[in-house]
Amino acid sequence: SQLFIKDLHFDGVPMRIYLPREPCASKRRGVVFMHGGCGIFGSIRSYERICRYIARKSDSVVVSVGYHLAPEHRYPSQTLECLSATVHFLKTADTYGVDPARIIVCGDSVGGTFATSVCQELGQRTDIPKIRAQVLIYPFLQALNFNLPSHQKNAAVAFLPRERTVHFILKYLNKDCSLKEPILAGSHVPESINLKYRKWINPDLIPDEFKLGYKPPLPTLFLPQVHEAVQELFEPRVSPLLAEDAVVCGLPDTCIVTCEHDVLRDDGLLYKKRLEDNNVHVTWHHVEKGFH
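Residues numbered from 1 in each chain as written. Predicted model: local features only at pLDDT ≥ 70, side-chain atom pairs only at ≥ 80, totals over all residues. Heavy atoms only, no water.

Asker: Pulling in residues and values, what's your account of the layout of surface pockets?
Answerer: Taken as a whole, the largest pocket spans an internal volume of roughly 680 Å³. If you go around the largest pocket, you meet 25 residues; those closest to its centre are Asn-145, Glu-191, Asn-194, Pro-217 and Thr-220. The element that contributes the greatest number of residues to the lining of the largest pocket is helix H7 (residues 191-197), accounting for four residues. For the lining of the largest pocket, the class distribution of residues is 15 nonpolar, seven polar and three charged. For the second largest pocket, the calculated volume is near 410 Å³. (1 Å grid on protein atoms, 1.4 Å probe; cavity = no way out; pocket = protein on both sides within 12 Å on 5 of 7 lines; lining within 4 Å. Points joined across faces, edges and corners; volume = space filled by probe spheres on them. Helix = DSSP H or I, 4+ residues; strand = E, 2+ residues; numbered from the N terminus. Nonpolar A, V, L, I, M, F, W, Y, C, P; charged D, E, K, R; others polar.)

As structure tokens, then:
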């Protein structure tokens, strides 16, 4: 009764919009919401309650992106649809009573990946309004190292254990799932790439209080055939932590939510540090009893 809800399309992308019914003296804030589900699960419908809640509690206009799922719709169509939908909303915000200067993007899990990627790709554009902020709820941000402290600590935690994480990534990218074991071991990363990105993806960058019981993994054998098969893992659209500083420094204010019992916890912690190192304002919420 508090919201007007309608299904529509932005540039061919299915959307659902949640508009507060109460009249507003000024233009409202806007939220572009990108749902989780590893790119292969989830829908507008499964995130209905969350989007209703955000619209009501923040008195904002929420648009939920119904990107088409992998593997039927091949990567990177999911990211591109989120990008296209966001650009459309930024350009047409006035139509929905939204201030184009007060639009944020928000996503959880892989939705956080898509939100991160959208902000990275739009950061340098001057032909559309700037995104005001990004809200990243336990985002997946890198596929180079699956032996960070949070991966070890939560390897067998319910819902998203470490092995299932890599299995879902391979399904999302339409790859052979037998590659899971060498990727978990790190055999897909050549030494040159490890050296290049260790300044951003490194257990040494994780605060000590999150490393209790952590044991550095043993050296692993690089397998060129595995590396060749999963080149997409090294693209910023899959691993936004690999974006260059010239991109990161142009990002909007950021809110990052991490959970203690989550294999992806350290992705959020590493991205928080990168953003702060590039003078991006970050608000961080850590849920000590939280799960992915």
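From this point, things continue past the structure.
Asker: Which residues make up the nonpolar core, and what values go with them?
Answerer: Within the largest apolar cluster, 78 residues are counted, with the highest numbers of intra-cluster contacts made by Met-34, Val-65, Phe-89, Ile-183 and Leu-233. Here this core gathers at least three residues from each of two domains, domain 1 (3-137) and domain 2 (149-234). Among the nonpolar cores identified, the runner-up in size contains 13 residues, and Val-31, Tyr-47, Val-135 and Cys-255 belong to it. (Core = buried A, V, L, I, M, F, W, Y, C linked by side-chain atoms within 4.5 Å. Buried < 20%, exposed > 50% of the residue type's maximum accessible area, 1.4 Å probe, protein only. Domains from an automatic or database assignment.)

Asker: Summarise the domain arrangement of the protein chain; cite the residues concerned and give the values.
Answerer: What the domain assignment reports for the protein chain is domain 1 (3-137) and domain 2 (149-234). The gap between the C-alpha centroids of domain 1 and domain 2 is 29 Å. Contact with domain 1, which involves eleven residues of that partner, is made by six residues of domain 2. In this assembly, domain 1 packs against domain 2 so that about 800 Å² is buried in total across both faces, 68% of it on carbon and sulfur atoms. The interface formed by domain 1 and domain 2 holds zero salt bridges in total. Linking domain 1 with domain 2 are zero residue pairs in polar contact (both at pLDDT 80 or more). In terms of residue class, the side of domain 1 that touches domain 2 is made up of seven nonpolar, three polar and one charged. (Contact = heavy atoms within 4.5 Å. Buried area = accessible area lost by both parts, 1.4 Å probe. Salt bridge = Lys/Arg side-chain N within 4 Å of Asp/Glu carboxyl O. Polar contact = N/O pair within 3.5 Å; in protein donor to acceptor, adjacent residues only side chain to side chain.)

Asker: Can you lay out unusual backbone geometry for me, pointing to particular residues and giving the numbers?
Answerer: Residue Pro-71 follows Ala-70 across a cis peptide bond; omega there is 0 degrees. Turning to its location among the elements, Pro-71 is positioned in the loop between strand S4 (60-65) and helix H2 (77-92). Note that the residue after Tyr-75, namely Pro-76, is joined by a cis bond; omega there is 5 degrees. With respect to the secondary-structure elements, Pro-76 resides in the loop between S4 and H2. A positive phi angle is found at Tyr-138, which is not glycine, with a value near 30 degrees.

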